[in-house]
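# Fold and geometry: a report
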Amino acid sequence: MQHIIDRFISYITVDTQSDPKSDTTPSTKKQWTLAHKLVEELKQIGMQDVVIDDKAYIMATLPSNLQKEVPTIGFISHFDTSPDFTSNDVKPQIIKNYDGGDIVLNKAENIILSPSYFDDLLQYKGNTLITTDGTTLLGADDKAGITEIITAMEYLIQHPEIKHGKIRVGFTPDEEIGRGAHHFDVAAFGADWAYTMDGSQIGELEYENFNAAGAKITIKGKSVHPGYAKGKMVNAILIANDFISQLPGHEVPQKTTGREGFFHVHHMKGEIELAEIEIIIRDHDLKKFEQRKELLQYITENLKAEYGDFVSLDIKDQYFNMREKIEPVMHIVEIAKEAMESLGITPIIKPIRGGTDGSQLSYMGLPCPNIFAGGHNFHGKYEYVPVESMQKAVDVIVKICELTAKR
Ligand SMILES: [Zn+2]
């Protein structure tokens, strides 16, 4: 366990925050520091074909130790951390044998990680927790995943009696700004399927995510002196208001859960001459997703009929539910499920209310469900990870390699 703690801390103490405003890959130069360190470490534990490209994508191979042909599988994590909160100078705290009470993250600032607010904590009584000092995020998202993959590879190298096929490892920059899969060379990776180790709570196994689109509505108005405006003024603000009021009021993020989709109006600005609305559309069900896009079209046409040709709509698809690509190869989920069950972990299979790199990779030809990495409260100062969950994730990776070779 100490080995996992040391390895994890050696990663989280390197700042790798990504930046959505940057056009380069990686989006921040500082991501190279950890990337180079990971390359050295992969070589040092005995991985083969360790390669880093000019965009900091890392790939490595653990060769098969079998005579027969078995599928090549991969494990993928990202080494950047969220732009939402700083990862500069992470000072982890280690709480051994957690007693189920409040954890003081920062005494001076009175920042407390409490199970009365974060009740997930209670399931980790007796575990060793790694937390922040309340001033940064932790970076378990997704350096826990990297720790687990490297530790599992090291274990397999040290235990040649465990038989497995060819295993590929991939580490990416810039997942947190939605670009982790963009430059991922699926052909060079050459795996039949892969798993992202990027979920949260122990047991999580995910192969469903939202279908996602973004819509921008632009409304042009006509400004006329209000005293003489009758029959002449077109007020873009009021038309924007009309548009929003025609959306189903209950289908919003704050009133939906599980497989319920929504419209999320996340940006608006308006003057008489010009108003803009930005909406994201999310739905697991492809048919309902299309219907949502049609509704925006319908509202636009109605407003045009009423006010004239002042309203325009632009919808762009963002990503799709990976379920469509996973269902034809459900054995890859079954293997992960069986691996967890054989280790006494109850699989928690639920649809993700978001997207993952795995969903993009699945559409790029690499079916890629997501497995827990163990951390909680990502992207903020309350982030923490139980070391026992990281250990279990290592065991799951090893077991998946073993089971894939046996099938
Ligand atoms: Zn992540």
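Reading the values: the criteria
For every chain, the first residue of the written sequence is number 1, and numbering continues from 1 onward in sequence order. Residues qualify for local features only when their pLDDT is at least 70, as the model is predicted, and side-chain atom pairs are given and counted only at 80 or more; totals for whole chains, interfaces and linings, by contrast, use all residues. Derived side-chain values reflect all non-hydrogen atoms in the structure, with water molecules and hydrogen atoms excluded from consideration. Runs of H or I in DSSP of at least four residues are treated as helices and runs of E of at least two as strands, each being numbered from the N terminus. Exposed residues in this analysis have more than 50% of their type's maximum accessible area, buried residues have under 20%, and partly exposed residues fall in between, with area computed by a 1.4 Å probe over protein chains only. By the counting scheme adopted, Arg and Lys are positive, Glu and Asp are negative, and His together with the chain ends is not counted. Should a side-chain nitrogen of Lys or Arg be within 4 Å of a carboxyl oxygen of Asp or Glu, the pair is scored as a salt bridge. We call two N or O atoms a polar contact when they sit within 3.5 Å, provided that within protein one can donate a hydrogen and the other can accept it, with sequence-adjacent residues counted only if both atoms are side-chain atoms. Contacts are residue-level and defined by heavy atoms, with any inter-residue pair within 4.5 Å sufficient. UniProt positions are given in the numbering used here, feature names are shortened, and annotations may be inferred rather than shown by experiment. In the cavity and pocket records, a cavity denotes points on a 1 Å grid over the protein atoms alone where a 1.4 Å probe fits but cannot get out, a pocket denotes an open set with protein on both sides within 12 Å along at least 5 of 7 lines, and lining residues are residues with an atom within 4 Å of a point. Here a donor is any nitrogen, oxygen or sulfur atom (N, O, S) within 2.8 Å of the metal, with 3.2 Å used for Na, K and Ca; water is not among the atoms considered, so some sites may look incomplete. All geometry calls rest on donor angles, where a four-donor set with angles between 85 and 135 degrees is tetrahedral, four- and six-donor sets with opposite donors more than 155 degrees apart and all others between 65 and 115 are square planar and octahedral, and all else is irregular. Whether two strands pair comes down to DSSP finding at least two bridges between them.

Let's shift gears to the side chain of Lys143. As for its position among the elements, Lys143 is in helix α3 (residues 140–158). For the buried Lys143, which has no salt bridge, the nearest side chain bearing the opposite charge is Asp15, at an N-O separation of 6.3 Å. A polar contact is formed between the side chain of Lys143 and the backbone oxygen of Val14, at a distance of 3.0 Å. Excluding anything up to four places from it in sequence, Lys143 contacts Phe8, Tyr11, Ile12, Val14, Thr16, Leu34, His78, Phe79 and Thr81.

Tallied over the entire structure, the rule returns 21 salt bridges. Members of the salt-bridge network, linked through shared partners, are Glu208, Arg259, Arg323 and Glu327.

Mapped onto this numbering, the UniProt entry annotates "binding site: Zn(2+) 1" (unreviewed entry) at His78, Asp141 and Asp198. These residues run over 121 residues, yet every pair of their C-alpha atoms falls within 8.1 Å of each other. Lining residues of the largest cavity drawn from the annotated set just named are His78 and Asp198. Considering the arrangement of structural elements, one finds His78 in strand β3 (residues 73–78).

Side chains on a regular strand alternate between the two faces of the sheet. Buried residues dominate strand β8 (residues 167–172), accounting for six of its six residues. Judged by which residues are buried, β8 turns out to be covered on both faces: Ile167, Val169 and Phe171 on one side and Arg168, Gly170 and Thr172 on the other are all buried.

What follows is about the environment of Val234. As for its position among the elements, Val234 is in the loop between β11 (211–220) and α5 (236–245). On a C-alpha basis, the gap between Val234 and Leu274 in space is 9.8 Å, while along the polypeptide they are 40 residues apart. Setting aside chain neighbours within four positions, we find Val234 in contact with Lys220, Gly221, Lys222, Ile239, Ile272 and Phe310.

A word on the coordination of the zinc ion. Around the zinc ion, the donor atoms from the protein are His78 (NE2), Asp141 (OD), Asp198 (OD) and Asp198 (OD), and they sit 1.9 to 2.6 Å away. For the zinc ion, the four donor atoms are set out with angles of 53 to 149° between them, so the coordination reads as irregular. Donor residues for the zinc ion, ordered by position in the chain, follow H-x62-D-x56-D. Taken together, the positions of His78 in strand β3 and Asp141 in helix α3 put the pair 63 residues apart, joining distant regions of the chain. Like His78, the residue Asp141 is buried in the burial classification.

What follows deals with the UniProt feature "binding site: Zn(2+) 2" (unreviewed entry) in the protein chain. As annotated in UniProt, the feature "binding site: Zn(2+) 2" (unreviewed entry) corresponds to Asp141, Glu176 and His379 in the numbering used here. Their sequence span is 239 residues, while the largest C-alpha to C-alpha distance among them is just 9.5 Å; these annotated residues converge on one region. Cross-referencing the annotated residues with the largest pocket identifies Asp141, Glu176 and His379 as lining it. Those residues in contact with Asp141, other than ones at most four positions away along the chain, are His78, Asp80, Thr81, Glu176, Asp198, Phe378, His379 and Glu383. Engagement of the side chain of Asp141 in a polar contact is seen with the side chain of His379, the distance being 2.9 Å. Position of His379 among the secondary structure elements: in the loop between β16 (370–372) and β17 (384–386). For His379, a relative accessible area of 29% puts it in the partly exposed group.

Our next topic: the pairing of strand β1 (residues 48–52). Sheet topology note: the β1/strand β2 (residues 58–62) ladder contains three bridges and is antiparallel. The residue of β2 that forms the bridge with Val51 is Met59. Taking the residues that link successive antiparallel strands as the turn, the β1-β2 hairpin has five residues, and the phi of Ala56 there is positive, at about 75°.

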